[in-house]
Amino acid sequence: MQMDLMRQASVLVVDGSENDRKQLKNILALRVKLWGVNAGCEALAYMGNTSPDLVLLSADLPDMDGFELLRRMREDVQLREIPVIMMTTDQSQKAEAAITMAGAFDIVRKPFVPIIVVKKVEQVLELEYLHRHLRSEVRRQTRLAEERLASSQRLFEETVMALAKTIDAKDAYTRGHSQRVGRYARFIAYKLGWHEEEQQKIYFMGLLHDIGKIGVPEAIINKPDKLTDEEYDKIKEHTVIGSEILELVAEFPELTIGARSHHERFDGKGYPDGKKGDEIPIYARIIAVADAYDAMTSKRSYRDVLPQNVVRDQIAKGRGSQFDPEFADVMLQIIDEDVDYILHER
């Protein structure tokens, strides 16, 4: 450790022997900032106001055992990281083992050998300096990583939102559909008691559930008349197209689930895979309810927003056939709680 850094280090001597404190002052005063107290209570009071870089602690104190003081330090959040060198007259290996087990960094035996005291103090302060700067660097790197993660998360969210708006812009009659489906799906997950992370996950899946419509001609999407069988088959392809697009998002593989399976039916009569019941991924079963709800509570070229009682009847009618009964029941609960019929396209 460089001498100028040594001189900046503060060392607290805790020893009931005035003679030993004087000896340590003679040995260390020119090398470190040295303070001395003669009892454990004084040491605790001192450390409550000033945190030293090192404590030289005598095993024998007038008011308490040195091991007791060390134990109190290790139980105190503010003091537990302060390194301690225990000083003792016991020359046995048993004493050294006991001191190490108690949490002291090193041991110095009395009577003092000046060169040993200096070397051990230098070693401990050097390590403490390195540890402190390592902890500081870890905190700095952690903060930078968190900032980068937050920035990446914001970018992901903004990109997903932009994609959702792009999808909805293709259909003149469903502007905001993807965002509403995402919100409704997240609300159902919230009602189910899902963790925030899972709620956010299904929200993004809801935002992008219709991304495959990018591959469907606008003339078909915006056709005001009834679709032909061929045109309807083309519309159904958006589930497969969407899942293929979202397979490219390696960091969020679940995104494909909402895109591919939101038109599966609980009775197995949906598409594209004809899955039924629990074969349908749970995220898709929730998005299916949210998607159907928004379809009924949004304006179309041929009708306005459906009355709330009609929407409720349709959700109840689809319970167990089109929809998973559990999630249909949650949607019905949400409808019943929405006494002012706020949840619909504005």
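Residues numbered from 1 in each chain as written. Predicted model: local features only at pLDDT ≥ 70, side-chain atom pairs only at ≥ 80, totals over all residues. Heavy atoms only, no water.

Some details on the overall build of the protein chain
Phase 1: Of regular secondary structure, the protein chain possesses 15 helices and 5 strands.
Phase 2: Compactness check: the protein chain gives a C-alpha radius of gyration of 35 Å against a globular reference of 20 Å for 346 residues, more than 25% above the reference.
Phase 3: Projected onto its principal axes, the C-alpha positions of the protein chain cover 105 × 40 × 35 Å.
Phase 4: For the protein chain, with 346 residues in total, the buried portion stands at 41%.
Phase 5: Across the protein chain, the fraction of contacts at a sequence separation of at least 24, relative to all contacts at a separation of at least 6, is 62%.
Phase 6: Of the accessible surface of the protein chain, which amounts to about 18600 Å², a share of 52% is contributed by carbon and sulfur atoms.
Phase 7: Put simply, the protein chain has 48 plus and 58 minus side-chain charges, and the middle of one group is 3 Å from the middle of the other. (Helix = DSSP H or I, 4+ residues; strand = E, 2+ residues; numbered from the N terminus. Rg over C-alpha atoms; globule rule 2.2 N^0.38 Å. Buried < 20%, exposed > 50% of the residue type's maximum accessible area, 1.4 Å probe, protein only. Contact = heavy atoms within 4.5 Å. Areas by Shrake-Rupley, 256 points an atom, 1.4 Å probe, with all protein chains shown as cover. Lys, Arg positive; Asp, Glu negative; His and termini not counted. Charge placed at Lys NZ, Arg CZ, Asp CG, Glu CD.)

Some remarks on the packing of aromatic side chains
Between two aromatic rings, the relevant description is the distance of the centres plus the angle of the planes.
Phase 1: Going through the model one piece at a time under the given rule, you end up with 7 aromatic pairs.
Phase 2: For the ring pair Tyr184 and Tyr293, a centre distance of 5.2 Å and an interplane angle of 85 degrees mean the geometry is edge-to-face. Pair noted here: Tyr184 is in helix 7 (residues 177-191) and Tyr293 is in helix 13 (residues 282-296), with a separation of 109 residues, a long-range link.
Phase 3: Judged by centre distance (6.4 Å) and plane angle (80 degrees), the rings of Tyr232 and Tyr271 are edge-to-face. Placement of Tyr232 in helix 10 (residues 229-236) and of Tyr271 in the loop between helix 12 (255-261) and helix 13 is noted, with a sequence separation of 39 residues between them.
Phase 4: Looking at Tyr271, the relative accessible area reads 14%, which means it is buried. (Phe/Tyr/Trp six-rings, centres within 6.5 Å; stacked < 30°, edge-to-face > 60°.)

Notes on helix 4 (residues 66-75)
Phase 1: Of the residues making up helix 4, those classed as buried are Gly66, Leu69, Leu70 and Met73. Viewed along the axis of helix 4, the buried residues span an arc of 100 degrees, placing them on a single side of the element.
Phase 2: Those residues of helix 4 hidden inside the fold are in contact with strand 1 (10-14), helix 3 (40-49), strand 3 (54-58), strand 4 (84-88) and helix 5 (93-102).
Phase 3: Measuring from the side-chain oxygen of the N-cap residue of helix 4 to the backbone nitrogen of Phe67 gives 2.6 Å; that N-cap residue is Asp65. (Arc of directions from axis to C-beta. Polar contact = N/O pair within 3.5 Å; in protein donor to acceptor, adjacent residues only side chain to side chain.)

Brief notes about the side chain of Glu264
Phase 1: Here Glu264 lies in the loop between helix 12 and helix 13.
Phase 2: One buried charge, Glu264, has no salt-bridge partner; the nearest side chain with opposite charge is Arg260, at 6.1 Å.
Phase 3: Apart from residues lying up to four places away in sequence, Glu264 is in contact with Gly270, Tyr271, Pro272, Asp273, Gly274, Lys275, Ile280 and Gln322. (Salt bridge = Lys/Arg side-chain N within 4 Å of Asp/Glu carboxyl O.)

Examining a nonpolar patch on the surface
Phase 1: A cluster of nonpolar side chains, namely Phe105, Leu127 and Leu130, defines an oily patch on the protein surface of about 250 Å² accessible area.
Phase 2: Residue placement: Phe105 occurs in the loop between helix 5 and strand 5 (106-109).
Phase 3: Looking at Phe105, the relative accessible area reads 41%, which means it is partly exposed. (Patch = residues over 30% accessible without salt bridge, like charges linked within 9 Å, V, L, I, M, F, W, Y side chains within 5 Å.)

Regarding the packing of helix 7 against helix 15 (residues 325-337)
To characterise two packed helices, one gives the angle between the axes of the helices and the distance between these axes.
Phase 1: It is the contact of helix 7 with helix 15, at a shortest axis distance of 10 Å, that shows an interaxial angle of 100 degrees. For the element pair helix 7 / helix 15, the angle class is roughly perpendicular. On the side of helix 7, the interface is formed by Phe187, Ile188 and Lys191, while helix 15 contributes Val330, Met331, Gln333, Ile334 and Glu337.
Phase 2: Looking at the contact of helix 7 with helix 15 residue by residue, the class counts come to 5 nonpolar, 1 polar and 2 charged. (Axes fitted to C-alpha atoms, helices over the stretch in contact; angles between N-to-C directions. Parallel < 35°, antiparallel > 145°, perpendicular 65-115°, else oblique. Nonpolar A, V, L, I, M, F, W, Y, C, P; charged D, E, K, R; others polar.)

Description of the sheet that holds strand 1
Phase 1: If you walk across this open sheet you meet the 5 strands as 2-1-3-4-5, and the pairing is parallel. Both outer strands of the open sheet, strand 2 (33-37) and strand 5, are each paired with one neighbouring strand and no more. Neighbouring strand axes in the sheet, compared pairwise and without regard to direction, differ in orientation by 20 degrees on average.
Phase 2: Taken strand by strand, helix 3 contacts strand 1, strand 2 and strand 3, and its axis lies near 160 degrees from that of strand 1. (Pairing = 2+ DSSP bridges.)

With respect to the pairing of strand 4
Phase 1: Where burial is concerned, most of strand 4 is hidden: 5 out of the 5 residues are buried.
Phase 2: Both faces of strand 4 are covered, namely the face carrying Val84, Met86 and Thr88 and the face carrying Ile85 and Met87.
Phase 3: Across 4 bridges, strand 3 lies against strand 4 in parallel orientation. Among the inter-strand pairings, Leu56 is bridged to a residue of strand 4, identified as Ile85.
Phase 4: Note that the unit made of strand 3, helix 4 and strand 4 has a crossover that is right-handed.
Phase 5: The sheet contact formed by strand 4 and strand 5 spans 4 bridges and is parallel. In the sheet register, Met87 faces strand 5, and the bridge partner there is Val108. (Right-handed = clockwise from strand over helix to strand, strands pointing away.)

A few points about the pattern of salt bridges
Phase 1: Under the criterion given, the structure shown has 22 salt bridges.
Phase 2: Its salt-bridge partner being Arg72, residue Glu68 comes within 3.1 Å of it at the nearest N-O pair. Highlighted residues: Glu68 and Arg72, both in helix 4, separated by 4 residues, approximately one helical turn.
Phase 3: Given a relative accessible area of 23%, Glu68 falls into the partly exposed group.
Phase 4: With relative accessibility at 35%, the residue Arg72 sits in the partly exposed group.
Phase 5: Across the salt bridge formed by Glu337 and Lys191, the nearest N and O atoms sit 2.7 Å from each other. With a gap of 146 residues between them, Glu337 in helix 15 and Lys191 in helix 7 connect regions that are remote in the sequence.
Phase 6: You can call Glu337 partly exposed: its relative accessible area is 44%.
Phase 7: The structure contains a network of salt bridges with shared partners spanning Glu68, Arg71, Arg72 and Glu75.

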